[in-house]
Structure formats: C-alpha cells, structure tokens
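As a plain string of letters, each chain reads:
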Amino acid sequence: MDPHILILGAPGAGKGTQSDRIVSEFGVEHVTTGDALRSNKEMDIGHLDLEYDTPGEYMDRGELVPDVVVNEIVDKALSEADGYVLDGYPRNLEQAETLSEMTDLDAVLYLDVDEDVLVDRLTGRRVCEECGATYHVDFNPPEEEGVCDECGGDLYQREDDTEETARERIRVYEENTQPVVEFYDDEGRLVRIDGEQTPDEVWDDVRDAIEANA
Ligand code: AMP
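Just so we're clear, the structure is a prediction, and the values are computed from it rather than from any experiment.

### Observations concerning the UniProt feature "binding site: Zn(2+)" (unreviewed entry) in the protein chain
Following the UniProt record, the feature "binding site: Zn(2+)" (unreviewed entry) maps to Cys 128, Cys 131, Cys 148 and Cys 151 here. For this annotated set, covering 24 residues, all C-alpha atoms fall within 8.6 Å of each other, a compact arrangement in space. Among the structural elements, Cys 128 can be located in strand β5 (residues 125–128). Filtering out sequence-adjacent residues up to four positions away, Cys 128 remains in contact with Ala 133, Cys 148, Cys 151, Gly 153, Asp 154, Leu 155 and Tyr 156. Beyond its immediate stretch of four places on either side in the chain, Cys 148 contacts Cys 128, Cys 131, Ala 133, Tyr 135, Gly 153 and Leu 155.

In structure tokens, the structure reads:
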C-alpha cells in the first residue's frame with residue numbers, strides 16, 4: 001500500500017513545495033484543504049447556520065473554516081486516495097481526533113520555521129493561476145516577472161498573503177495548530193525537520209524521514 005503521510009507546519013513553512021516533491025517521488029495524492037477550499041470559496045454553507053455563509057469569508061480574514069465543512073472535504077478525499085500526503089489538516093485538536101478515526105498515518109513530519117521568516121515568505125509568495133507553481137519575489141523569482149516558468153501562466157498574490165492577514169494566520173496557527181504538533185509529539189511520532197534550510201536540503205530530510213517511517 002502507498003504511504004499515508006501527514007505534513008505539518010505553519011503557513012509559509014514549505015508544506016506545498018515539499019508535498020509536490022512527495023507526490024512525484026512516492027506516487028501519492030496531494031490532499032490539501034487550502035486548495036480545496038480556495039476552489040470552493042463561494043460555496044453556499046448558509047444551511048449550516050454558521051457565522052458566515054461561505055468559506056471565503058473565513059479565509060479572507062485568516063480565520064479557520066468550521067470543522068464541519070473541512071472534515072467532510074478530507075473524509076471524501078482520503079476515502080478516494082490510496083496513498084496520500086495530507087497538507088493543511090488537521091488545524092486543531094478536534095480535527096486531529098477526527099482524522100485518527102478516518103485513517104492511519106505512516107509518517108508525521110513537521111517543518112519548523114521561525115515567525116519572521118514565515119511572514120517574509122508569505123508576503124513575497126506568488127502563485128501561478130494556471131498550474132499552481134509557487135514563486136517568491138526575492139528568494140525564488142520567475143525568469144520574467146509575473147509569468148510562470150513552467151507553463152507561461154500569470155502569477156498572482158493570494159488574497160490572504162497580505163502582511164496583516166499573514167500575521168493573523170500565523171497567530172491562529174500558534175493558537176490552534178501548535179497543540180496538534182504537541183499531540184503527535186507526545187505520541188512519539190513527530191519527525192521534526194529544520195524548514196529554514198534550502199528546499200533541496202529540506203527535501204533530503206523529508207525523503208529520509210518517509211523512507212524510515214513508511
Ligand atoms: P492554507 O492554504 O493551508 O494556508 O489555507 C488557507 C485558508 O484556508 C486558511 O487560512 C483557512 O481559512 C482555510 N483552511 C485550510 N485548511 C483548513 C483546516 N484544516 N481547517 C480550517 N480552515 C482551513
């Protein structure tokens with residue numbers, strides 16, 4: 001069976017970049033709640049009687065989308081995948097408990113990055129609207145400004161990558177998701193990886209950790 005991998009880390013820690021590499025190397029599916037929710041920002045969730053009527057209203061404020069919406073997305077995606085790398089979920093302890101009822105994990109990786117580095121990475125991030133490739137205006141610029149090297153698509157800045165929302169997302173992460181990191185650490189399953197290394201160095205550690213655990 002293909003491996004079940006969970007990748008944890010704050011917004012901007014490099015989960016997306018490393019997940020893409022995991023997909024190519026191990027042939028698993030990338031299950032990411034952030035992308036799934038971005039494709040469904042305008043979905044009508046009014047019948048659930050929550051604070052807002054669409055996922056986008058939570059996302060643009062840097063807040064978490066309610067568990068009832070997100071759990072269903074993950075349950076469906078995991079039931080359709082053989083192996084997977086799960087990215088962006090669980091974001092709180094309730095989600096972690098729900099996840100343990102849905103599936104078994106082979107490896108739990110944590111990309112550790114300091115807050116100031118996260119803010120720089122998020123505010124400089126640009127994403128291709130065609131293929132989803134990510135760039136950074138200073139650390140990893142495309143050859144031609146605003147144009148994707150891979151497919152020629154236009155690059156854009158995510159609405160939640162402004163400085164104010166980025167800081168709020170990091171605060172929400174510390175408050176809600178740091179306990180998830182401790183939850184897996186207490187179980188003795190967490191592999192801590194220095195996420196401030198270059199992407200290639202991080203990848204060496206990620207691959208080694210998967211090979212040792214899965
Ligand atoms: P990301 O692309 O992972 O940074 O996610 C972008 C936004 O989507 C987050 O700021 C949340 O508003 C929402 N989101 C993504 N994953 C989750 C989750 N597991 N639980 C709640 N909200 C989520």
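Having seen the structure, we can now continue with the description.
### Considering the layout of surface pockets
One number sums up the size of the second largest pocket: a volume of about 170 Å³. Around the second largest pocket, the lining residues are Met 43, Asp 44, Ile 45, His 47, Leu 48, Val 68, Val 69, Glu 72, Ile 73 and Lys 76. Within the lining of the second largest pocket, the residues separate by chemical class into six nonpolar, one polar and three charged.

### A few points about the site of the ligand
Around the ligand sit 16 residues, and of these Thr 33, Arg 38, Glu 63, Gly 88 and Gln 95 come closest. Contact distances for the ligand include 3.0 Å between a nitrogen atom and a side-chain N or O atom of Gln 95. About the coverage of the ligand: the protein hides 96% of its 480 Å² of free accessible area. A class-by-class count of the residues in the shell around the ligand yields six nonpolar, four polar and six charged.

### Side note on the pattern of salt bridges
As enumerated under the stated definition, the model contains 16 salt bridges in all. Among the salt bridges present, the one from Asp 161 reaches Arg 125, with a minimum N-O distance of 2.9 Å. Here the residue Asp 161 occupies a position in the loop between β7 (155–156) and α7 (163–186), and Arg 125 occupies one in strand β5, the gap between them amounting to 36 residues. On the basis of relative accessible area, Asp 161 is assigned to the buried category, the value being 0%.

Cut-offs used in this document
Residues numbered from 1 in each chain as written. Predicted model: local features only at pLDDT ≥ 70, side-chain atom pairs only at ≥ 80, totals over all residues. Heavy atoms only, no water. UniProt positions renumbered as here; feature names shortened; annotations may be inferred. Helix = DSSP H or I, 4+ residues; strand = E, 2+ residues; numbered from the N terminus. Contact = heavy atoms within 4.5 Å. 1 Å grid on protein atoms, 1.4 Å probe; cavity = no way out; pocket = protein on both sides within 12 Å on 5 of 7 lines; lining within 4 Å. Points joined across faces, edges and corners; volume = space filled by probe spheres on them. Nonpolar A, V, L, I, M, F, W, Y, C, P; charged D, E, K, R; others polar. Near = heavy atom within 4 Å. Polar contact = N/O pair within 3.5 Å; in protein donor to acceptor, adjacent residues only side chain to side chain. Areas by Shrake-Rupley, 256 points an atom, 1.4 Å probe, with all protein chains shown as cover. Salt bridge = Lys/Arg side-chain N within 4 Å of Asp/Glu carboxyl O. Buried < 20%, exposed > 50% of the residue type's maximum accessible area, 1.4 Å probe, protein only.

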